[in-house]
Amino acid sequence: MIVISGPSGTGKSTVVRRLLESSPLIVSSVSMTTRKPRGSEIDGKDYFFVTEEEFVRKRDAGEFLEWAVVHGNLYGTLTSFVDEKLAEGKDLLLEIDVQGGLSVKEKRPEALMVFLMPPSWEELEKRLRGRGTDSEKVIIERLRNARSEMEHAERYDKRVINDSVERCVSEIAEIIESRCSDHR
Ligand code: 5GP
């Protein structure tokens, strides 16, 4: 199990997509969320999109390995999904926020924890603004969240700087390879 966290704007999605393309053994966890689907997102592939009632019902039934409120929406990792993929012998990648990552680590101490860092604050702010999809209020909120997320970077096993996607992906692939080959 591999947890990848890092502030929004660090390029997590791109890095995760490239890692998934790099090996058929690596698969992505599909989280459940109460956020509305964006653009081309597909239910069951990008996320399991559910109502708040359904999410709360599952949470109260203890179906989540971890869950958290991120930017005002609920997100959670289903224990059943994780255990199915692990039973198939896959390396399972969880792209989740820091609160969720740390609770996974508590329950599954063997999880490999990778924290993705932006090259600098200036670069992070530039990337968040460059997306052009968020309002100023959302950008400020994300920068504030980024500061508090970065405070937990030290609690992750590895910190990797996303200065160039190629380099960053190959560094993470090497970390996964050296760690996961011990568990196969
Ligand atoms: P987005 O809505 O942009 O897809 O994701 C927003 C944030 O939610 C990202 O930081 C992502 O890592 C986090 N996230 C996505 N799925 C989960 C999950 O299952 N659990 C937790 N704790 N965070 C998640």
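Residues numbered from 1 in each chain as written. Predicted model: local features only at pLDDT ≥ 70, side-chain atom pairs only at ≥ 80, totals over all residues. Heavy atoms only, no water.

### Focus: the sheet that holds strand β5 (residues 64-70)
Thinking step 1. Taken together, the four strands give an open sheet; going across it, the order is β4-β3-β6-β5, and neighbouring strands pair in mixed fashion. A single partner strand is all that each edge strand has here, and the edge strands are β4 (47-49) and β5. On average, each strand axis in the sheet is tilted by 25° relative to the strand beside it, whichever way the strands run.
Thinking step 2. Examined bridge by bridge, β5 and strand β6 (residues 73-78) share six bridges and lie antiparallel to one another. What sits directly across from Phe-64, in β6, is Leu-78. (Pairing = 2+ DSSP bridges. Helix = DSSP H or I, 4+ residues; strand = E, 2+ residues; numbered from the N terminus. Axes fitted to C-alpha atoms, helices over the stretch in contact; angles between N-to-C directions.)

### Here we look at unusual backbone geometry
Glycine aside, residues mostly have negative phi, and peptide bonds are mostly found in the trans state.
Thinking step 1. With a phi angle near 45°, His-71 is a residue other than glycine that sits in the positive phi range.
Thinking step 2. One can find His-71 in the loop between β5 and β6.
Thinking step 3. His-71 sits in the partly exposed class, given a relative accessible area of 32%. (Buried < 20%, exposed > 50% of the residue type's maximum accessible area, 1.4 Å probe, protein only.)

### As for the pattern of salt bridges
Pairs can form between side chains of opposite charge whenever their charged atoms are close.
Thinking step 1. Applying the stated criterion to the full structure yields 15 salt bridges.
Thinking step 2. Between Glu-141 and Arg-144 there is a salt bridge, with its nearest N and O atoms 3.8 Å apart. Here the residue Glu-141 and the residue Arg-144 both occupy positions in helix α6 (residues 136-150), the gap between them amounting to three residues, near one helical turn.
Thinking step 3. Relative accessible area serves as the criterion here: at 54%, Arg-144 is assigned to the exposed category.
Thinking step 4. Across the pair Arg-159 and Glu-154 runs a salt bridge, and its minimum N-O distance is 4.0 Å.
Thinking step 5. A residue is classified by how much of its surface remains accessible, and Arg-159, at 33% relative accessible area, is partly exposed.
Thinking step 6. What emerges from the salt-bridge pattern is a single network uniting Lys-105, Asp-157 and Arg-179. (Salt bridge = Lys/Arg side-chain N within 4 Å of Asp/Glu carboxyl O.)

### Considerations on the site of the ligand
Thinking step 1. Among the 15 residues in the neighbourhood of the ligand, the closest are listed as Ser-31, Arg-35, Tyr-47, Tyr-75 and Asp-97.
Thinking step 2. Here an oxygen atom of the ligand sits 2.6 Å away from a polar atom, N or O, in the side chain of Ser-31.
Thinking step 3. Taking Arg-35, its side chain carries an N or O atom lying 2.6 Å from an oxygen atom of the ligand.
Thinking step 4. Burial of the ligand by the surrounding chains reaches 91%, relative to a free accessible area of 510 Å².
Thinking step 5. Using a 2 Å cut-off from the grid points, one finds that the ligand occupies the largest pocket.
Thinking step 6. Secondary-structure elements contributing two or more residues to the shell around the ligand are β5 and β6.
Thinking step 7. Residue composition of the shell around the ligand, by class: five nonpolar, four polar and six charged. (Near = heavy atom within 4 Å. Polar contact = N/O pair within 3.5 Å; in protein donor to acceptor, adjacent residues only side chain to side chain. Areas by Shrake-Rupley, 256 points an atom, 1.4 Å probe, with all protein chains shown as cover. 1 Å grid on protein atoms, 1.4 Å probe; cavity = no way out; pocket = protein on both sides within 12 Å on 5 of 7 lines; lining within 4 Å. Sits in = over half its atoms within 2 Å of the grid points. Nonpolar A, V, L, I, M, F, W, Y, C, P; charged D, E, K, R; others polar.)

### Examining the sheet that holds strand β7 (residues 91-95)
Paired through their backbone hydrogen bonds, the strands of a sheet run either parallel or antiparallel.
Thinking step 1. One open sheet accounts for five strands, arranged β2-β7-β1-β8-β9; its pairing is parallel. Whereas interior strands pair on both sides, the edge strands pair on one side only; in this sheet they are β2 (26-28) and β9 (158-161). Each strand axis lies, on average, 25° off the axis of its neighbour in the sheet, ignoring direction.
Thinking step 2. By the bridge criterion, four bridges tie strand β1 (residues 2-5) to strand β8 (residues 112-117) in an arrangement that is parallel. Pairing of Ser-5 across the sheet is with Phe-115, part of β8.

Remember, this is a structural readout, not a statement about activity or role.
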